[in-house]
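Structure assessment
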Amino acid sequence: APGDVAHMSEIIAATPDGFIVLSGDDPVTVATMGIGGAGVVSVASNEAPAEMVQIVELCEKGDYAAARKLHHWLLPLIQVNFVESNPIPCKAAMAAMGLIEEHYRLPLVPPAPATRDKVMSVLQQLKMLGAAARV
């Protein structure tokens, strides 16, 4: 199951040296790296690439305190990306940030108004919009 750190731990323990295991779930990147994972296939890296790279690099250096701090700061964005089917919220966020034009091809559809409101609220909270944008 996504985010199952115990299962990820079993996989890592059973792999040969040099075998790379990546998290496929942004919320458990730090935990996965703490048990021997090598990184993440990330949704949030589309909106916050520098921050996701920094989280991985901090874990690689063993600075889990700093990685956790940045992870907790970014967590609202990580969570809002999945309030509707991926990648709908992420595309809405990236469009609001001016990174892409907001187009959806079926089977994707534009986000529900409540989803868009949640995405915008998180982007404002993290100062990722307009002149204050960090990306």
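Let us look at the structure shown here.

Conventions used here
- Residues numbered from 1 in each chain as written.
- Predicted model: local features only at pLDDT ≥ 70, side-chain atom pairs only at ≥ 80, totals over all residues.
- Heavy atoms only, no water.
- Axes fitted to C-alpha atoms, helices over the stretch in contact; angles between N-to-C directions.
- Helix = DSSP H or I, 4+ residues; strand = E, 2+ residues; numbered from the N terminus.
- Parallel < 35°, antiparallel > 145°, perpendicular 65-115°, else oblique.
- Left-handed = near helix turned anticlockwise from the far one by under 90°.
- Contact = heavy atoms within 4.5 Å.
- Nonpolar A, V, L, I, M, F, W, Y, C, P; charged D, E, K, R; others polar.
- Expected span 1.5 Å × (residues − 1).
- Salt bridge = Lys/Arg side-chain N within 4 Å of Asp/Glu carboxyl O.
- Patch = residues over 30% accessible without salt bridge, like charges linked within 9 Å, V, L, I, M, F, W, Y side chains within 5 Å.
- Areas by Shrake-Rupley, 256 points an atom, 1.4 Å probe, with all protein chains shown as cover.
- Core = buried A, V, L, I, M, F, W, Y, C linked by side-chain atoms within 4.5 Å.
- Buried < 20%, exposed > 50% of the residue type's maximum accessible area, 1.4 Å probe, protein only.
- Phe/Tyr/Trp six-rings, centres within 6.5 Å; stacked < 30°, edge-to-face > 60°.
- Lys NZ or Arg CZ within 6 Å of the ring centre and 35° of its normal.

Observations concerning the packing of helix α5 (residues 88-96) against helix α6 (residues 113-125)
At a minimum axis separation of 10 Å, α5 and α6 run at an interaxial angle of 50°. With respect to each other, α5 and α6 are oriented oblique. Considering the relative orientation of α5 and α6, their crossing is right-handed. Here Pro89, Ala92, Ala93 and Ala96 of α5 come into contact with α6, specifically with Thr115, Arg116, Val119, Met120 and Leu123. Residues that form the contact of α5 with α6 fall into these classes: seven nonpolar, one polar and one charged.

Looking at helix α3 (residues 49-61)
With 13 residues, α3 ought to run about 18 Å at 1.5 Å a step, and its terminal C-alpha atoms sit 18 Å apart, in line with that. Elements that come into contact with the buried residues of α3 comprise α2 (29-34), β2 (39-40) and α4 (64-80). Phi turns positive one or two residues past the end of α3, at Gly62, with a value near 85°.

Side note on the pattern of salt bridges
Under the definition given, this model contains one salt bridge. Arg116 is the partner of Glu102 in a salt bridge, and the nearest nitrogen-oxygen pair spans 2.9 Å. Of this pair, Glu102 sits in the loop between α5 and α6 while Arg116 sits in helix α6, and the two are 14 residues apart along the sequence.

Observations regarding the packing of α4 against α6
The geometry of α4 relative to α6 is characterised by a closest axis approach of 10 Å and an angle of 165° between their N-to-C directions. Between α4 and α6, the interaxial angle falls into the category roughly antiparallel. Considering how the two elements wind past one another, α4 and α6 form a crossing that is left-handed. On α6, the residues that touch Pro76, Leu77 and Val80 of α4 are Lys118, Val119, Val122, Leu123 and Gln125. By residue class, the composition of the contact of α4 with α6 is six nonpolar, one polar and one charged.

Quick look at a nonpolar patch on the surface
The grouping of Ile20, Leu22 and Val41 at the surface amounts to a nonpolar patch, some 290 Å² of accessible area in total. Here Ile20 is to be found in the loop between α1 (5-14) and β1 (22-23).

Notes on the nonpolar core
One finds Met52, Ile55, Leu74, Leu77, Leu123, Leu126 and Met128 to be the most contacted residues of the largest nonpolar core, which totals 24 residues. When contributions to this core are tallied by element, the ones reaching two or more residues are α2, α3, α4 and α6. Residue contributions to this core peak at six residues, all from α4. In this view, Ile55 contacts Thr29, Val30, Ala67, Leu70, His71 and Leu74; residues no more than four positions away in its chain are not counted.

A look at the packing of aromatic side chains
Evaluation of the coordinates by the stated rule reveals zero aromatic pairs. Sitting above the plane of the Tyr104 ring, Lys91 keeps its charged end 5.7 Å from the centroid.

Structural notes on unusual backbone geometry
A negative phi angle is the norm for most residues apart from glycine, just as the trans form is the norm for most peptide bonds. A cis amide bond, omega 10°, links Asn86 with the succeeding residue Pro87. Examined against the element boundaries, Pro87 turns out to sit in the loop between α4 and α5. Note that the residue after Leu106, namely Pro107, is joined by a cis bond; omega there is 15°. Following the sequence through the fold, Pro107 ends up in the loop between α5 and α6. Look at Lys127: it is not a glycine, yet its phi comes out positive at around 55°. Looking at the element boundaries, Lys127 is found in the segment after α6.

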